[in-house]
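Observations on the three-dimensional arrangement
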Amino acid sequence: MPQFRPQWKWLVLLMLPLFPTYSQTRYSLQEAIQYGLTHNINVKNTQTDAQSAESRIGEIRSVGLPQVSASVNILDNLIIQKAILPAAFVGGSPDDPPVAIPFGVKYSGTAAAQLNQIIFNAQWLLGLKAAQAYRELAVKNVTQSKIQVAENVSKAYYSVLVAEERAKLLDLNIQRLDSLTREMSAMNQKGFVEKLDVDRLEVSLNNLKTERSKVQNLVDLSYYMLKFQMGMKLDDTIVLTDRINENEVARIETEVKADNNASFSYDQRIDYSILKSNLLLSEMDVENNKRGYYPTVAAFAGYGYNTGRNKFSQLFTSPWFNNANIGLSVNIPVFDGFAKKYKIQQAKFTVDKVKQSMSLVEQSIDLQIRSANITIVNGLETLKSQKRNLDLAQEVVRVSKIKYQSGTGSNIEVINAESALKEAQTNYFASLYDLLLAKIDLDKAKGKLSF
């Protein structure tokens, strides 16, 4: 058996980058959801918002850190201000008129550094506590966007699967009717059946082909929608690996029965949890406005140099004189025209509004769960009924074909049976799709939509 020589191994390694690499094109439902969570623009935007929230939290914290500033100023007094002094100050008589004396020098310079440090600020301390709630809210917003993506991708994924299954059955119908049409055409040439019977079958066959073309367009559109929800380029090619079968329906029925016996908490719903975070922040806003009545205490220190000369060249050669200061400032709010009072009232109204919204959401969640449960039960019953109709329609087509070929049935019976079969298939897949969507809605209503 031939082997690579060492130099050929190196050549192969060097040529590997020249060959294109292909990304994954086969996706199960969970893989499609995971892809969407990584590439969907809405998720990326909420993740960016979460990063922005972290920056905002850092900004709030920075207020309590030492604040240091430095400045350098060079001043050219183009016209020196004059001080009006009594004549006696310059050796004149008290009765002489006042004299104007320049007060200052033409050029002056200062260089200083200032340090400020908050010692006590009640609103800033509360802001540190609110930072954690703000961070949790940003994370919950990301989770909410992911749940929405999981819902949209799941519905689009099932839409593709149902459309493809419907297309497969139409292909079988076309093959069966095409075979029958060719058989009847051969029998017509031998004089056993009328040409009108063959024409009727051809009309039905053409109608089926037209219907198949429409379903193919629906399949293509469903793929576009799925790729859009996943955040994938529409021109990319993907293959879905999951399939819908009787086991899927049985699984849904089993899960629904298990869910009905499971306990439920409103906190499982991310939108309700987000409202709770908003309530906490609203309550903190009330407290923040109340703390506006508290005094604030800060310390400061400064150090600098200054000089002044009548010639610019002397400004940098003459001595600079240092100065320093240190102090404590206490700011006590006394009266602001009742501004804080009205801000507190507004903040309290916001708290009341959030509480009312939470009550409304609780009622909405109860309604969604009960509605989804009823839809699931009705959907299962409808699907079973449509499955029985589909089986009966397939049997009618089989028997009608046999009767027609044996001469005991009519061509009209075959065409009507084929039409009834197509209608039964359409109704079956419509019921199946509705059931799958209802299961997704139920999982979302109970906060169990996985991603």
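From a predicted model like this one, the values you see are computed outputs, not experimental measurements.

Turning our attention to the overall build of the protein. When helices and strands are tallied, the protein shows nine helices and eight strands. Counting only C-alpha atoms, the protein reaches 150 × 70 × 50 Å along its principal axes. Put simply, 82% of the contacts in the protein that link residues at least 6 apart link residues at least 24 apart. Here the protein has roughly 27,900 Å² of accessible surface; of this, 57% comes from carbon and sulfur atoms.

Before going further, it helps to examine the pattern of salt bridges. Within the structure shown, the criterion is met by 23 salt bridges. Between Lys 155 and Glu 151 there is a salt bridge, with the nearest N and O atoms lying 3.0 Å from each other. Placement of the pair is Lys 155 and Glu 151 together in helix H4 (residues 122-189), with a separation of four residues, close to one helical turn. In this structure, Glu 395 and Arg 398 form a salt bridge, with 2.6 Å as the shortest nitrogen-oxygen distance. With Glu 395 and Arg 398 both in helix H8 (residues 339-406) and three residues apart, this pair spans about one turn of that helix. One connected set of salt bridges, linked through shared partners, spans Glu 151, Lys 155, Asp 441 and Lys 444.

Attention now goes to helix H6 (residues 246-260). Helix length check: H6 (15 residues) gives 22 Å between terminal C-alpha atoms against 21 Å at 1.5 Å per residue, within 8%. Among all positions in H6, only Glu 248, Val 249, Ile 252, Val 256 and Asp 259 are buried. Buried residues in H6, looked at end-on, bunch into an arc of 100°, giving them a common side. Those residues of H6 that are exposed and aimed more than 90 degrees away from the buried face are Asn 247, Thr 254 and Lys 257. Each element contacted by the buried residues of H6 is listed here: H4, H8 and helix H9 (411-445).

On to the side chain of Ser 273, then. Along the polypeptide, Ser 273 turns up in helix H7 (residues 270-290). Residue classification places Ser 273 among the buried positions, given a relative accessible area of 12%. Beyond its immediate sequence surroundings of up to four residues, Ser 273 is in contact with Lys 140 and Asp 267.

Looking now at helix H5 (residues 195-230). In a regular helix each residue adds 1.5 Å, so 36 residues correspond to 52 Å; H5 covers 52 Å between its end C-alpha atoms and thus fits that length. One or two steps after H5, the chain reaches Gly 231, where phi turns positive at roughly 80°.

Before going further, it helps to spend a moment on the nonpolar core. Side chains of nonpolar character tend, in soluble globular proteins, to be buried together. Among the nonpolar cores identified, the biggest contains 67 residues, and Leu 226, Met 230, Ile 238, Leu 240, Ile 376 and Leu 432 are the most heavily contacted of them. Those elements that provide at least two residues to this core are helix H2 (29-39), H4, H5, H6, H7, H8 and H9. The greatest single-element share of this core, amounting to 19 residues, is contributed by H4. In this structure, Leu 240 is in contact with Tyr 27, Tyr 157, Val 160, Leu 161, Tyr 223 and Leu 226, ignoring residues within four places of it in sequence. Counting residues in hydrophobic clusters, the runner-up holds 13 residues, among them Tyr 272, Val 361, Ile 365 and Ile 369.

Even without being glycine, Phe 338 reaches a positive phi, approximately 70°. Residue position: Phe 338 is located in the loop between strand E8 (321-331) and H8. Under the relative-accessibility criterion, Phe 338 is labelled partly exposed at 45%.

The subject of this paragraph is the environment of Tyr 272. As for its placement among the helices and strands, Tyr 272 is situated in helix H7. Under the relative-accessibility criterion, Tyr 272 is labelled buried at 8%. For the pair Tyr 272 and Ser 357, spaced 85 residues apart in the sequence, the C-alpha separation amounts to 9.3 Å. With residues up to four places along the chain from it excluded, the contact list for Tyr 272 reads Tyr 266, Asp 267, Met 358, Val 361, Glu 362 and Ile 365.

Moving on, we come to the confidence of the model for the protein. On average, the protein scores 88 in pLDDT, and the residues at 70 or more come to 95%. Note that residues 1-22 has pLDDT below 50 and, in this model, one contact with residues that lie over four places away or in other chains.

An order of E2-E5-E7-E8 is seen for the four strands of this open sheet, with the pairing classed as antiparallel. Edge positions in the open sheet fall to strand E2 (67-76) and E8, since each of these has one partner strand only. For this sheet the average axis-to-axis angle between neighbouring strands, irrespective of direction, equals 15°. Alignment of strand E7 (residues 296-309) against E8, held across eleven bridges, turns out to be antiparallel. Residue pairing for E8: Val 297 is matched across the bridge by Val 330.

Attention now moves to the packing of aromatic side chains. Going through the model one piece at a time under the given rule, you end up with eight aromatic pairs. Lying across the ring of Tyr 293, Lys 340 places its NZ or CZ 5.8 Å from the centre. Its guanidinium or amino end placed over the ring of Phe 338, Lys 341 lies 5.6 Å from that ring's centre, counting from NZ or CZ.

This paragraph deals with the packing of H4 against H9. At their nearest, the axes of H4 and H9 sit 10 Å apart, and the two run at 165° to each other. Taken together, the axes of H4 and H9 are roughly antiparallel relative to one another. Crossing handedness for the pair H4 and H9: right-handed. The residue inventory of the contact of H4 with H9, partitioned by class, reads 14 nonpolar, six polar and nine charged.

Relative to the helices and strands, Ala 156 is located in helix H4. Note: C-alpha distance between Ala 156 and Thr 426 (270 residues apart in sequence) is 18 Å. Look past the residues within four positions of Ala 156 in its chain and what remains in contact with it is Ser 222, Met 225, Leu 226 and Gln 229.

Looking at where Val 239 falls in the secondary structure, it is placed in strand E6 (residues 239-240). In the structure, Val 239 is positioned 48 residues away from Glu 287 in sequence and 56 Å away in space, judged by C-alpha atoms. Dropping the residues within four chain positions of it, Val 239 is found in contact with Thr 25, Arg 26 and Tyr 27.

The rules behind these values
Residues numbered from 1 in each chain as written. Predicted model: local features only at pLDDT ≥ 70, side-chain atom pairs only at ≥ 80, totals over all residues. Heavy atoms only, no water. Helix = DSSP H or I, 4+ residues; strand = E, 2+ residues; numbered from the N terminus. Contact = heavy atoms within 4.5 Å. Areas by Shrake-Rupley, 256 points an atom, 1.4 Å probe, with all protein chains shown as cover. Salt bridge = Lys/Arg side-chain N within 4 Å of Asp/Glu carboxyl O. Expected span 1.5 Å × (residues − 1). Buried < 20%, exposed > 50% of the residue type's maximum accessible area, 1.4 Å probe, protein only. Arc of directions from axis to C-beta. Core = buried A, V, L, I, M, F, W, Y, C linked by side-chain atoms within 4.5 Å. pLDDT = per-residue confidence, 0-100. Pairing = 2+ DSSP bridges. Axes fitted to C-alpha atoms, helices over the stretch in contact; angles between N-to-C directions. Phe/Tyr/Trp six-rings, centres within 6.5 Å; stacked < 30°, edge-to-face > 60°. Lys NZ or Arg CZ within 6 Å of the ring centre and 35° of its normal. Parallel < 35°, antiparallel > 145°, perpendicular 65-115°, else oblique. Left-handed = near helix turned anticlockwise from the far one by under 90°. Nonpolar A, V, L, I, M, F, W, Y, C, P; charged D, E, K, R; others polar.

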